[in-house]
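# Summary of the model geometry
For reference, the chains in residue letters:
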Amino acid sequence: MKKSILFLSAAVTLLAIAACQNFKKGEGGLEYNIVKDAGADKAKAGDLLSVDMIVKSDRKDSLLQSTYDIGLPQIVNIAPDSIPGLYAGDYNSMFKFLGEGDSAVFRLNLDTMAAKTGQPKPEFADKYVTFTIKVRKHFKKGSLTDSALYAQIDSYFKGEIEGLKKAEEGKLAGYIADKKLEPKKTASGLQYVVASEGKGNKPAVGDTVVVNYTGTLVSGKVFDTNNVDEAKKSNSFNPMRKYEPIRFRVGHDPVIQGWTEGLQLLTKGSKATLLVPSNLGYGERGGGAIPPYAPLVFEVELVDVIPGPAATPALPVDSTATKK
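Notes on the structure follow.

Rules and cut-offs
Residues numbered from 1 in each chain as written. Predicted model: local features only at pLDDT ≥ 70, side-chain atom pairs only at ≥ 80, totals over all residues. Heavy atoms only, no water. Phe/Tyr/Trp six-rings, centres within 6.5 Å; stacked < 30°, edge-to-face > 60°. Helix = DSSP H or I, 4+ residues; strand = E, 2+ residues; numbered from the N terminus. Buried < 20%, exposed > 50% of the residue type's maximum accessible area, 1.4 Å probe, protein only. Lys NZ or Arg CZ within 6 Å of the ring centre and 35° of its normal.

With that settled, the discussion passes to the packing of aromatic side chains. Taken as a whole and judged by the stated rule, the model has eleven aromatic pairs. Judged by centre distance (4.6 Å) and plane angle (40°), the ring pair of Tyr32 and Phe97 falls under tilted. Here Tyr32 is found in strand 2 (residues 31–36), whereas its partner Phe97 is found in the loop between helix 2 (91–94) and strand 6 (103–109), with 65 residues between them in sequence. Under the relative-accessibility criterion, Tyr32 is labelled buried at 16%. Between Phe248 and Trp259 the ring centres are 5.8 Å apart and the planes differ by 35°, which places this aromatic pair in the tilted class. With a gap of eleven residues between them, Phe248 in strand 12 (residues 246–249) and Trp259 in helix 6 (residues 257–263) connect regions that are remote in the sequence. This pair shows no difference in class: Phe248 is buried, exactly as Trp259 is. Taken together, the aromatic side chains of Tyr213, Phe223, Phe248, Trp259 and Phe298 make up a single cluster linked through ring pairs. Looking at Arg107, its charged tip hangs above the ring of Tyr128, at a distance of 4.1 Å from the centre. A cation over a ring is seen here: Lys137 above Phe139, with NZ or CZ 5.7 Å from the ring centre.

Below you can see the structure in the form of structure tokens.
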């Protein structure tokens, strides 16, 4: 839990730094402010950096990416200038200012990028994209073979993922305490809070359920929702998607175990919060925006229960849930 608090504190600090800048002018329209120079060697072509990074555009509600959402750093490979398409002042150039322990803020000029690369400017920004970066670790290529260098990266990331595993229980407990929840807990480790009780039947294996939902990390980051307003609010809106209730047959269609179990605890019309540990969610691998060993929070509404074949046997569900 302490580790996640430190990450959050670091993210807040970096955002505060980014809000008040005195930028220096660099090549290719790149602007930069070295917030901290730890005095270490700077990255060179062939090196890799492990960084925490927040990326924002110059528009309102402009957060594009943050490594703090998932609690894992990003690995940046410093490419040689000889690669076609690279130019002084581009994304690759930023990291050559940095070494282990350094932090800085960069503004990448999109007009220069379009002129140098011949590519159109991205639609998510007007003139600048801002990168607020803190370097955790510098992996130096030197005389190392590629296999030796990437063995170091592999070992490093295994340690980072082990840290997520150890922090999971504390993250979920912290979320419950912060939200002042009093969830019930099943034998599997699933926790849930019924906000409003429906009046219909509970679904069983073989039934089809119709569900409204929003899924978040314990940080509050929305990773999936069928609510169009929530999708727009969280900058996750996809114009190609139909925002409608999800339908699946319990025990037959592939969903996470936390949903299969949790929805069988609810009556038709219920609204509830499902607190899903990673072993009932996406496990040690994660998926997409979901990191390894991530506890998940789902706000769900069981809109309808459509009975399945009468002969379909039901899986046992822990109906003797107790308060945590």
